[in-house]
Amino acid sequence: MKIECIRTHHLRHRLDEPFGFSQWTYDTRNALLVEILADGGIAGWGECYGPAEVNQAAVAGFYAPRLLGKDPAQIDVLWHEMWRASLDFARGGVMMGAISGIDMALWDLKGKALGCSVSGLMGGRYHESVPCYATGMYFKKLPEDALIEALAREATGYRDQGYRALKIKVGKNVAFDLRLIETIRDALPEMTLMADANHAYDLPEAIRVGKALDEARFAWFEEPLSPEHPELHRALHEKVDLAIASGECEQTRFGFQRLLGPGGVQIAQPDLAYCGGPSEALKIRAVASSHGVNVIPHVWGTMLNLAAATHLLAASYREPGRAEMPAPWLEYDRTPNALRDEIFETSVRIDDGSARVPPGPGLGVLPDRSAMTAFQVHQTEVR
Ligand code: MG
């Protein structure tokens, strides 16, 4: 096989109602899809997490011309060619987001060429379905009392839809966060709960909120602190009982070695559309395993990233391993997402709060070109 053409599709959807978290408020969703075509007409699809315009320039202007004519099945070889081509000035960041989307498309393409799923290519499946946790409870423009009420209503709604776990946002302000944690636990006494601060706290704040999360029996505390300070995670870990999760802002096996090395993070959360793609996620999993840590991917964006994470979780052994291991949770964002839910002709099937591994070859999900046109901002083609 040879790579004949690489296309990118920048898609945008303006949200009816903005939603916020500790860092900013979203009023639009953007996605960059990467489509790689091989001779014989097989197409592989991937997506990049990060600013779509910049990812698009990196894929179309820098990496795509270097890949034309190469064998798309040599995924690891191509990954390292891309890595070395930009290593001197971009060991991470948006250039790695661009590599991630290309890498994801190559896994999809190779699976389709061989008639094999991505989880099959990754070594085989431990699970045919994975339980989802609902990500939601984003902040809205409401007075704080009304907001807490609305978030508790949203959370109980997910329980009623069959989800057994959910994740709230914290990091607005400590007083609000402490009230929210208590309210959500009171509303859902039996549910598995997680909290995500998106690196909003300094260490004393993180300890205070972490102790409240312990008290309320939360399962993990996500991005309590800046990813720039792995050693502060260790200091927090020594003060609280619940697991500390981090990694959605981190990339490559080298970045995760720095994050996990001090021993403060117990759940590693690479995003397959940003960390370096499925290829690098497998290497990150090996690094995490060597620290006794499990990988639970961060999932945002379209159906492609959701499918990639589902395959990785289905194909992942769990540390430390035992007959009754807890389920590997899949992150399922419940905010309005037309770029995931309205532009795919085949999707990851989710029933009763569990995602079935897509049965088709490759990622097993397929964009619908005619549905994409309504969201198209800018398309490129390199051949
Ligand atoms: Mg997060």
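Described below are features of the structure shown in this document.

Rules used throughout
Residues numbered from 1 in each chain as written. Predicted model: local features only at pLDDT ≥ 70, side-chain atom pairs only at ≥ 80, totals over all residues. Heavy atoms only, no water. Pairing = 2+ DSSP bridges. Helix = DSSP H or I, 4+ residues; strand = E, 2+ residues; numbered from the N terminus. Axes fitted to C-alpha atoms, helices over the stretch in contact; angles between N-to-C directions. 1 Å grid on protein atoms, 1.4 Å probe; cavity = no way out; pocket = protein on both sides within 12 Å on 5 of 7 lines; lining within 4 Å. Points joined across faces, edges and corners; volume = space filled by probe spheres on them. Nonpolar A, V, L, I, M, F, W, Y, C, P; charged D, E, K, R; others polar. Domains from an automatic or database assignment. Salt bridge = Lys/Arg side-chain N within 4 Å of Asp/Glu carboxyl O. Buried < 20%, exposed > 50% of the residue type's maximum accessible area, 1.4 Å probe, protein only.

A few words on the sheet that holds strand E2 (residues 25–38). Read across the open sheet, the four strands follow the order E3-E2-E1-E16; overall the sheet is antiparallel. Looking at strand neighbours, the two that pair on one side only are strand E3 (43–48) and strand E16 (376–382), the edges of this open sheet. Here the average twist between neighbouring strands, direction ignored, is 20°. Inspection of the sheet shows strand E1 (residues 3–20) paired to E2 by 13 bridges, in the antiparallel sense.

In this structure, the largest pocket encloses a volume near 510 Å³. Looking at the lining of the largest pocket element by element, the count peaks at six residues for E2. Class assignment of the residues belonging to the lining of the largest pocket gives a composition of 14 nonpolar, eight polar and six charged. Both of domain 1 (3–115 + 369–382) and domain 2 (120–366) provide at least three residues apiece to the lining of the largest pocket.

For the rest of this paragraph, the subject is the pattern of salt bridges. Across all of its chains, the model carries 22 salt bridges by this definition. A salt bridge links Asp145 to Arg179; its shortest N-O distance comes to 2.6 Å. Remark: Arg179 occurs in helix H6 (residues 174–187) and Asp145 occurs in helix H5 (residues 144–160); sequence separation between them is 34 residues. When its relative accessible area of 52% is taken as the criterion, Asp145 is described as exposed.

Turning to empty space enclosed by the protein, a few remarks are in order. In the structure shown here, the tally under the stated rule is two cavities of 30 Å³ or more. For the largest cavity, the calculated volume is near 60 Å³. Considering the residues around the largest cavity, the lining is formed by Arg285, Ser289, Val293, Asn294, Val295, Ser316, Tyr317, Arg318 and Glu319. Taken together, the residues that form the lining of the largest cavity break down as three nonpolar, three polar and three charged. Of the voids in this model, the second largest cavity is the one considered here, and its volume is about 50 Å³. Its residues assigned to classes, the lining of the second largest cavity comprises four nonpolar, three polar and three charged.

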